[in-house]
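The residues making up each chain are set out below.
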There are 2 protein chains.
Amino acid sequence: MRNIKAVLAYKGTNYHGFQRQNNAVSVQGILEDRLSRLCNEEIKVNGCSRTDTGVHAAEYVISFKTGSGIPCENIVKGMNSLLPEDIGVTRCEEVSPDFHARYSCKGKEYVYRILNRPVPSPFMSDLCFHYPYKADHELMNRAAGYFKGTFDFSAFCGALGAKENSVRTVYESRVERQGDIITFTVSGDGFLYNMVRIMAGTLIYVNEGKLAPEDIPGIIESRDRERAGVTAKPRGLYLNRVFY
Amino acid sequence: MRNIKAVLAYKGTNYHGFQRQNNAVSVQGILEDRLSRLCNEEIKVNGCSRTDTGVHAAEYVISFKTGSGIPCENIVKGMNSLLPEDIGVTRCEEVSPDFHARYSCKGKEYVYRILNRPVPSPFMSDLCFHYPYKADHELMNRAAGYFKGTFDFSAFCGALGAKENSVRTVYESRVERQGDIITFTVSGDGFLYNMVRIMAGTLIYVNEGKLAPEDIPGIIESRDRERAGVTAKPRGLYLNRVFY
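Calculation rules
For every chain, the first residue of the written sequence is number 1, and numbering continues from 1 along that sequence. Naming scheme: in the order in which they are written, chains are lettered from A and ligands are numbered from 1. In keeping with the model being predicted, local features are shown solely for residues with a pLDDT of at least 70 and side-chain atom pairs are shown and tallied solely at 80 or more, while totals for entire chains, interfaces and linings include all residues. Water and hydrogen atoms were dropped before computing side-chain values, which therefore reflect all heavy atoms in the structure. Superposition of the copies was done by least squares, using only C-alpha atoms of residues whose pLDDT is at least 70 in both. Whether two residues are in contact is decided by their heavy atoms: any pair within 4.5 Å suffices. For each domain, the first and last residues come from an automatic or database assignment. Here the quantity called buried area is the accessible surface, traced with a 1.4 Å probe, that two parts lose on coming together, added over both. Only one rule defines a salt bridge in this text: a Lys or Arg side-chain nitrogen within 4 Å of an Asp or Glu carboxyl oxygen. In protein, a polar contact means a hydrogen-donor-capable atom and an acceptor-capable atom, both N or O and within 3.5 Å, with residues adjacent in sequence counting only if both atoms are side-chain atoms; elsewhere, any N or O pair within 3.5 Å suffices. Burial status follows relative accessibility: with a 1.4 Å probe on protein chains alone, a residue under 20% of its type maximum counts as buried, one over 50% as exposed, and anything between as partly exposed. Only runs of H or I of at least four residues qualify as helices and only runs of E of at least two qualify as strands under DSSP, and these elements are numbered from the N terminus. In short, DSSP must find at least two bridges between two strands for them to pair. The axes used here are C-alpha line fits, helices contributing only the stretch in contact, and every angle between their N-to-C directions lies in the interval 0 to 180 degrees. Here is the rule for angles: anything less than 35 degrees is roughly parallel, anything more than 145 is roughly antiparallel, 65 through 115 is roughly perpendicular, and the remaining ranges are oblique. A crossing counts as left-handed when the near helix is turned anticlockwise from the far one by less than a right angle, and as right-handed when that turn is clockwise. Gly is placed with the polar residues, together with every amino acid not listed as nonpolar (Ala, Val, Leu, Ile, Met, Phe, Trp, Tyr, Cys and Pro) or charged (Asp, Glu, Lys and Arg).

Observations regarding the relation of the copies chain B and chain A
Then step 1. Superposing chain B onto chain A takes a rotation of 180° combined with a translation of 0.0 Å along the rotation axis, leaving an RMSD of 0.0 Å. Interpreted geometrically, this transformation is the action of a two-fold axis.
Then step 2. A share of 100% of the interface residues of chain B reappears at the interface of chain A, consistent with the copies meeting face to face through the same patch.

Structure below.
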């Protein structure tokens, strides 16, 4: 059996997240269906991460085992001709048998994109969160800096599993503006459920004066979800890079 | 009665063009419905141009008459809250009674966007034509230059009305590349049915060596639709600017 690593991108708007579900369309479900057709055998796909409904991936890694001898470049071409237009395969390679998209993953980078101008954009409505009010990206950047480090991020978690370890290390966390687009970039060794969206919502609270940048360490320390900001809409969130 | 000019943008993917139709969803139909609700009277909208199914507008101008006293900035806000996400109002102003979005229009600029890389983009599938083969934008630019001037453009017309004057003046016509995106920009005093899409298809024929840049003048002179290239897909086309 060959072990294949493939790098994808997808627009999450029309999917109930990555993970296969019984009564909803998922990216994993579509991939397994098309790969099974292409390889003429049942293929089980491992994904690097769960993503929520409406969340996008600019880079997403899967791995799967196959007995077929189809060359990797033909897997890319074949999949791109079989897949719907909102999922694309970027590249594909044969890897050692022990590589696993999820368990081999060493870290991830997410970006959260905000369209910051009075009027919405019909071309970006699925691809950014539209925030029509004045935004101070330098203030937001100052707040974002406090996320860097190794902490118990329970206050930034939507729903914590009973025995789940909620300590994560955030390597990079910054806010930048380019024209009308404000981007929050955050990388780390792993992320809790809804963690990046709650961080993004907290940065918006900071912009609105509901919180100060200096409040962030206390919120982290409190482990109290109620003290952080709202969970920002999924449409602005992208899994951007996956590290191995 | 006030005469109002409004500037919009829309993503054409889900519409059967601008013009109201009986059995299909059109941008005009949606606008008239929402404006009538907002102004509490029946509103008839004049658009600057017909556009085809799937064609976008980065700038589109409408005009309409209303007895309501709603301030222009509230028309912008009200419409943006009532409209679907793929149509947005950018600005709005009261104009003299003789202004008409279509008849007052002095010229237009279109752009045709091509994503030129081997793999498609799930984020741009509706917004660009994906062309995976090698493209020489300088060769295409040389061909595009031959469109400039005043000519009978019958060879670049999808379906000509029996008594329609097919002479148009093209002011600007050029091809540029920025990263993976090739843009064909063309402005003129008016355009025939499918004219820009046939021009774009002809530039692709030039790239593929089916035609040489120097063939363009002879094709124009022939007035023979068969000698020009294919009609390029609507998804790459944008009405980009409207001149008054």
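Still to come is the rest of the account.
Digging into the domain arrangement of chain A
Residue and element names in this part refer to chain A.
Then step 1. Annotation of chain A at the domain level lists domain 1 (2-95) and domain 2 (107-243).
Then step 2. Summarising the inter-unit geometry, the C-alpha centres of domain 1 and domain 2 are found 27 Å apart.
Then step 3. Listed per partner, the contact involves 14 residues of domain 1 and 15 residues of domain 2.
Then step 4. For the pair domain 1 and domain 2, the two sides together bury roughly 1,200 Å², of which 54% comes from carbon and sulfur.
Then step 5. In terms of surface lost to domain 2, no three residues of domain 1 exceed Asp52, His56 and Glu59, which account for 44% of the buried area on that side.
Then step 6. Across the domain 1-domain 2 interface, the total number found is two salt bridges.
Then step 7. Here Lys11 ties to Asp126 by a salt bridge, and the two come within 3.7 Å at their closest N and O atoms.
Then step 8. The interface formed by domain 1 and domain 2 includes nine residue pairs in polar contact (both at pLDDT 80 or more).

A word on the pairing of strand E1 (residues 2-10) of chain B
Residue and element names in this part refer to chain B.
Then step 1. E1 sits mainly inside the fold: nine of its nine residues count as buried.
Then step 2. Alternating residues of E1 divide into Arg2, Ile4, Ala6, Leu8 and Tyr10 and Asn3, Lys5, Val7 and Ala9, and every residue in both groups is buried.
Then step 3. Where E1 meets strand E4 (residues 87-95), eight bridges bridge the pair, whose relative direction is antiparallel. Bridging from a neighbouring strand, Asn3 pairs with Val95 of E4.

Some words on the environment of Thr231 of chain A
All names here are of chain A.
Then step 1. Along the chain, Thr231 turns up in the loop between helix H5 (216-222) and strand E10 (237-243).
Then step 2. Looking at Thr231, the relative accessible area reads 32%, which means it is partly exposed.
Then step 3. Sequence separation of Thr231 and Val196 is 35 residues, and the distance between their C-alpha atoms is 8.5 Å.
Then step 4. A distance of 3.1 Å separates the side chain of Thr231 from the side chain of Arg225, its partner in a polar contact.

Observations concerning the packing of helix H3 (residues 137-145) of chain B against helix H4 (residues 195-207) of chain B
All names here are of chain B.
Then step 1. Where H3 contacts H4, the axes come no closer than 9 Å and their chain directions differ by 130°. Judged by the angle between their axes, H3 and H4 are oblique. Seen from above, H3 lies across H4 with right-handed handedness. Every residue of H4 that contacts H3 at Leu139, Met140, Ala143 and Ala144 is listed here: Leu203, Ile204, Val206 and Asn207.
Then step 2. The class makeup of the residues in the contact of H3 with H4 is seven nonpolar, one polar and no charged.

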